[in-house]
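Next come the chains, spelled out residue by residue.
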Amino acid sequence: TAGRPVPAESRLLPHLADVRYGPHDRNFLDLWLARSSGPAPWVVFFHGGAWKIGDKRDIHDETLRACLEAGISVAAVNYRFTASAPLPAQFLDGARAVQFLRSRAAAWNLDPKRVAAYGASAGAIMSLWLGFHPDLADPKSRDPVARESTRLTCIGSVNGQCTINPFVIREWIGEAAFQHGVFPAAFGVKSHAELNDPGLRPQFERMSPLSHLTRDDPPVFASYTEPDAPLPAAAKRGQGMHHPIFGHKLKAAMDGLGLECQYVHVADIAGDPELAMVQFFRRTFGLP
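Residues numbered from 1 in each chain as written. Predicted model: local features only at pLDDT ≥ 70, side-chain atom pairs only at ≥ 80, totals over all residues. Heavy atoms only, no water.

**Q** Please give an account of the overall build of the protein chain that cites residues and values.
**A** Counting its regular elements, the protein chain contains nine helices and nine strands. Relative to the 2.2 N^0.38 estimate, which gives 19 Å for 288 residues, the radius of gyration of the protein chain is 18 Å and therefore close to what a compact globule would have. Overall, the C-alpha framework of the protein chain stretches about 55 × 45 × 35 Å when taken along its three principal axes. When each of the 288 residues of the protein chain is scored for burial, the buried share is 54%. The long-range fraction of contacts in the protein chain, counting pairs at least 24 apart against all pairs at least 6 apart in sequence, stands at 71%. Total accessible area on the protein chain stands at roughly 12,400 Å², and carbon and sulfur atoms take up 55% of it. Looking at the protein chain, you have 30 positive and 29 negative side-chain charges, and the mean spots of the two groups are 4 Å apart. (Helix = DSSP H or I, 4+ residues; strand = E, 2+ residues; numbered from the N terminus. Rg over C-alpha atoms; globule rule 2.2 N^0.38 Å. Buried < 20%, exposed > 50% of the residue type's maximum accessible area, 1.4 Å probe, protein only. Contact = heavy atoms within 4.5 Å. Areas by Shrake-Rupley, 256 points an atom, 1.4 Å probe, with all protein chains shown as cover. Lys, Arg positive; Asp, Glu negative; His and termini not counted. Charge placed at Lys NZ, Arg CZ, Asp CG, Glu CD.)

**Q** Please give an account of the nonpolar core that cites residues and values.
**A** Of all hydrophobic cores here, the largest spans 63 residues; its most connected members are Trp-51, Leu-101, Phe-187, Leu-195, Val-220 and Leu-250. Contact partners of Leu-250, with chain neighbours within four places excluded, come to Leu-128, Phe-132, Cys-162, Leu-210, Val-220, Ala-222 and Cys-261. In terms of nonpolar packing, the next biggest core, distinct from the first, is built from 25 residues, Ile-72, Val-74, Val-158 and Phe-285 among them. (Core = buried A, V, L, I, M, F, W, Y, C linked by side-chain atoms within 4.5 Å.)

**Q** Now, about the pattern of salt bridges: what can you tell me, with residues and values included?
**A** Scanning the entire structure with this criterion turns up 10 salt bridges. Here Arg-57 makes a salt bridge to Asp-55, at a shortest N to O gap of 2.9 Å. Overall, Arg-57 belongs to the exposed group, its relative accessible area being 66%. According to the relative accessible area criterion, Asp-55 is buried, its value standing at 15%. The salt bridge involving Asp-111 is made with Arg-114; its shortest N-O contact spans 2.8 Å. A relative accessible area of 14% places Asp-111 in the buried class. (Salt bridge = Lys/Arg side-chain N within 4 Å of Asp/Glu carboxyl O.)

**Q** Outline the packing of helix 1 (residues 61-69) against helix 9 (residues 273-285), listing residues and values.
**A** At their nearest, the axes of helix 1 and helix 9 sit 9 Å apart, and the two run at 20° to each other. Here helix 1 lies roughly parallel to helix 9, going by the angle between them. Considering how the two elements wind past one another, helix 1 and helix 9 form a crossing that is right-handed. Judged by residue contacts, Glu-62, Thr-63, Ala-66 and Cys-67 of helix 1 engage Glu-274, Leu-275, Met-277 and Val-278 from helix 9. Split by residue class, the contact of helix 1 with helix 9 holds five nonpolar, one polar and two charged. (Axes fitted to C-alpha atoms, helices over the stretch in contact; angles between N-to-C directions. Parallel < 35°, antiparallel > 145°, perpendicular 65-115°, else oblique. Left-handed = near helix turned anticlockwise from the far one by under 90°. Nonpolar A, V, L, I, M, F, W, Y, C, P; charged D, E, K, R; others polar.)

**Q** Quick rundown of the side chain of Lys-56? Include the residues and the values.
**A** Following the sequence through the fold, Lys-56 ends up in the loop between strand 4 (40-46) and helix 1. Not counting chain neighbours up to four residues away, the residues in contact with Lys-56 comprise Asp-18, Phe-28, Leu-29, Asp-30, Phe-45, His-47, Ala-76, Val-77 and Asn-78.

**Q** Outline the environment of Phe-167, listing residues and values.
**A** The topology assignment puts Phe-167 in helix 4 (residues 166-172). According to the relative accessible area criterion, Phe-167 is buried, its value standing at 15%. Between the C-alpha atom of Phe-167 and that of Arg-80, which follows or precedes it by 87 residues, the distance is 25 Å. Apart from the residues lying within four places of it in its own chain, the contact partners of Phe-167 are Phe-178, Leu-195, Asn-196, Arg-201 and Phe-204.

**Q** Tell me about the environment of Phe-246, residues and numbers included.
**A** The residue Phe-246 is located in helix 8 (residues 245-256) in this model. Owing to a relative accessible area of 0%, Phe-246 belongs among the buried residues under this scheme. It is 20 Å that separates the C-alpha atoms of Phe-246 and Pro-184, two residues lying 62 residues apart in sequence. Residues in contact with Phe-246, not counting those within four places in the same chain, are Gly-160, Gln-161, Cys-162, Thr-163, Ile-169, Trp-172, Ile-173, Tyr-224, Gly-240 and Met-241.

**Q** Residues and numbers for helix 9, please.
**A** Given a rise of 1.5 Å per residue, 13 residues ought to cover 18 Å, and the 18 Å separating the end C-alpha atoms of helix 9 matches this to within 8%. Of all the positions in helix 9, only Pro-273, Glu-274, Met-277, Val-278, Phe-280, Phe-281 and Phe-285 are classed as buried. Taken end-on, helix 9 shows its buried residues confined to a sector of 155°, consistent with a single buried face. A positive backbone phi angle near 75° is found at Gly-286, which sits one or two residues after helix 9. (Expected span 1.5 Å × (residues − 1). Arc of directions from axis to C-beta.)

**Q** An account of the packing of helix 2 (residues 89-103) against helix 3 (residues 122-132) is needed here, citing residue identities and associated values.
**A** Packed helices, taken two at a time, are described by the angle their axes make and the gap between the axes. Relative to each other, helix 2 and helix 3 sit at 65°, their axes nearing to 10 Å. In terms of their interaxial angle, helix 2 and helix 3 are classed as roughly perpendicular. For the pair helix 2 and helix 3, the sense of crossing is right-handed. Between helix 2 and helix 3, the residues in contact are Gln-90, Phe-91, Leu-92, Gly-94, Ala-95 and Val-98 and Ile-125, Met-126, Trp-129 and Leu-130, respectively. Here the contact of helix 2 with helix 3 is composed, by residue class, of eight nonpolar, two polar and no charged.

Dropping the structure here:
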């Protein structure tokens, strides 16, 4: 688990690369350590790609640089694809990564009480699910990593979905979104028709972040880039899976519980929404 040291000539190269955090073939992370006089807050990045493709190297350099300059350390995480295991394997890998990093907090100057997760699309769902889900720590485990908390201080969601229930998504957005190719593989079936199996309905809810939202959950920054309008009649198969309605539904649910949800649409701000997200992390972490 020590990782492969990387030369420090470039600040954007990780201080530790390909650190193994779990037993599976994609359980590796990269870690960038911010300069800090005391334990630094940190964020965990989960890449997107419908849990079928993607890599920890997909993290945006501008976001990474902004975090490090703010004194926030950063981990970028690979996790299993649905080709090898359906949900919840990916979410549990994400939880394990957070637990692993907490278990190494003293060694890597990380503050175990100031932790965020963020990602785009599939990575955003993972971040929201992890942030809303009850703590997955197992205090009786023989594995010291599994005894660590999975709770977060705040969450960033880029084009994220607050539900992965395909039938709720069809109701909210339309048939085109329902036909997205993510669903069969995510739930371990071969076709959209098989999603009608009533036995899958509990799994749809268990994997949907909104199902776990409670009054003690952390604040969220949610940004979107798709047009905030109904899908056109000629929408292509899969279109709408990043629709801003997910953000509106999330904000309404969090507002109803008195929780902070900062909703941003790219059309309404100047600059990169991810840099605004970093400012949100800074404020939530109590950084200047």
